[in-house]
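Analysis of the macromolecular model
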Amino acid sequence: MSVPVDVRVLSPITTRGFRRPSDLKALEYDGVVVSYSQIDRGPASIESEYEIAMSAPGTIAKAIEAEGEGADAIVIDCMGDPGLRAVREVVSIPVLGPAETAMHLASMLGHRFSVVTVMRRLRAQFENEAAVYGLSSKLASVRHVDIPVLALEDDLPETKARLVEQAALAVEADGAEAIIFGCTGLLGCAAAVKEGLLARGIDIPVIDPIPTAVSIAAALARVGLSQSKLTYPAPPVKEMPGYDIVLPSAIAAE
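The shown structure was predicted, so the numbers you read here are calculated from the model rather than taken from an experiment.

1. Describing the overall build of the protein chain
Check the secondary structure of the protein chain and you find nine helices and eight strands. Scaling as 2.2 N^0.38, a compact globule of 254 residues should have a C-alpha radius of gyration of about 18 Å, and the protein chain matches this with 18 Å. Dimensions along the principal axes, computed over C-alpha positions, put the protein chain at roughly 60 × 45 × 35 Å. Counting every position in the protein chain, which comprises 254 residues, the buried fraction comes to 52%. Nonlocal contacts in the protein chain, meaning residues at least 24 apart in sequence, comprise 75% of its contacts between residues at least 6 apart. Only carbon and sulfur atoms are counted for the fraction: they give 55% of the accessible area of the protein chain, which is about 11,800 Å².

2. Things to note about the pattern of salt bridges
Overall, the coordinates contain 15 salt bridges when judged by the stated rule. Across the pair Arg19 and Asp23 runs a salt bridge, and its minimum N-O distance is 3.7 Å. Judged by its relative accessible area of 6%, Arg19 is buried. Across the pair Lys62 and Asp40 runs a salt bridge, and its minimum N-O distance is 3.3 Å. Of this pair, Lys62 sits in helix 2 (residues 49-68) while Asp40 sits in the loop between strand 2 (32-38) and helix 2, placing them 22 residues apart in sequence. Take Lys62: its relative accessible area is 14%, and that puts it in the buried class. The exposed category is assigned to Asp40, whose relative accessible area is 53%. Ionic contacts of the salt-bridge type, sharing partners, join the residues Arg19, Arg20, Asp23, Asp77 and Glu153 into one network.

3. Examining the environment of Pro21
Here Pro21 lies in helix 1 (residues 21-25). Placed 14 residues apart in sequence, Pro21 and Ser35 show a C-alpha to C-alpha distance of 9.3 Å.

4. Regarding the side chain of Thr101
Within the element layout of this structure, Thr101 appears in helix 4 (residues 98-109). Apart from residues lying up to four places away in sequence, Thr101 is in contact with Leu96, Thr212, Ala213 and Ile216.

5. Topic: helix 7 (residues 190-199)
All of the buried residues in helix 7 are Ala190, Val193, Gly196 and Leu197. Buried positions in helix 7, seen along its axis, are confined to an arc of 130° and lie on one side of it. Away from its buried face, by an angle of more than 90 degrees, helix 7 presents the exposed residues Ala191, Glu195 and Ala199. Where helix 7 is buried, its residues meet helix 6 (156-174), strand 7 (179-181) and strand 8 (206-207).

6. Some details on the sheet that holds strand 3 (residues 73-76)
Taken together, four strands build an open sheet; the order of strands is 2-1-3-4 and the sheet is parallel. What marks the edges here is a single partner per strand, and that holds for strand 2 and strand 4 (95-96). Bridge count between strand 1 (residues 5-11) and strand 3: four bridges; the pairing is parallel. Bridge assignment links Leu10 to a residue of strand 3, and that residue is Ile76.

7. Focus: the sheet that holds strand 5 (residues 113-117)
Strand pairing in a sheet is mediated by backbone hydrogen bonds. Such pairs are either parallel or antiparallel. The sheet built from four strands is open, its strands ordered 6-5-7-8 with parallel pairing. At either margin of the open sheet sits one strand with a lone partner, and together these are strand 6 (139-144) and strand 8. Examined bridge by bridge, strand 5 and strand 6 share five bridges and lie parallel to one another. Paired with Phe113 across the strands is Leu139, a residue of strand 6. Along the sheet, helix 5 (residues 123-132) contacts strand 5 and strand 6; its crossing angle with strand 6, the most-contacted strand, is approximately 155°. Sitting on the sheet, helix 6 touches strand 5, strand 6 and strand 7, and the angle it makes with strand 6 is about 150°.

8. Things to note about the environment of Ile210
Here Ile210 shows up in helix 8 (residues 209-222). For Ile210 and Asn128, which are 82 residues apart along the polypeptide, the C-alpha to C-alpha distance reads 20 Å. Contact partners of Ile210, with chain neighbours within four places excluded, come to Arg19, Leu27, Val75, Ile76, Asp77, Pro98, Thr184 and Leu187.

Cut-offs used in this document
- Residues numbered from 1 in each chain as written.
- Predicted model: local features only at pLDDT ≥ 70, side-chain atom pairs only at ≥ 80, totals over all residues.
- Heavy atoms only, no water.
- Helix = DSSP H or I, 4+ residues; strand = E, 2+ residues; numbered from the N terminus.
- Rg over C-alpha atoms; globule rule 2.2 N^0.38 Å.
- Buried < 20%, exposed > 50% of the residue type's maximum accessible area, 1.4 Å probe, protein only.
- Contact = heavy atoms within 4.5 Å.
- Areas by Shrake-Rupley, 256 points an atom, 1.4 Å probe, with all protein chains shown as cover.
- Salt bridge = Lys/Arg side-chain N within 4 Å of Asp/Glu carboxyl O.
- Arc of directions from axis to C-beta.
- Pairing = 2+ DSSP bridges.
- Axes fitted to C-alpha atoms, helices over the stretch in contact; angles between N-to-C directions.

Here it is as structure tokens:
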């Protein structure tokens, strides 16, 4: 019997209980287990570039820890993809950001895609991400439901209704042919949004980024693929006063 692939979902926020054990259990399937860790110091949630930056040191440290504990792949649990490129430098296992993964998948499944996120202030972040990932021409729009991350579940029916409304507008007004959730806190809402769009005669993919990234990370681990070390070489070893991050021994020895 083969050993299951362990995908570590790494949360770059400090709010406890935001990601429930049942959320992760639902992501498992035959041959794939999902483990979890989260940072100890950093933002309560991420809704700005400042918070992305403040979450990065803890995310890097927890990623190194995850590989040391035997994880086979890592998914960073935030659509800001905080610390993504830095983490790829310090570990050898595949590391996926849900925004990069979802955007590339959406561009495969539809000609253009829209991101439906939480707050208006995140529009520039997603436009910048699309540019970095080489997908600006595929991004139809960034729309928002005007609900903060930590309030998404306060009235879940209202959250889902707003998601459907903004997704429909993305299609009808912006020319989107696929939808991406712009916050991993919307985990589990895809079926309701898909149903709401179908009721309006709109049949397009609705991408829930965390389940998608977990499945792709597991597939990469199974076939032995990871990030290129020409693209993401190990960082040089030097003093970094004020930080307690310890690089893996294989890197430190270089």
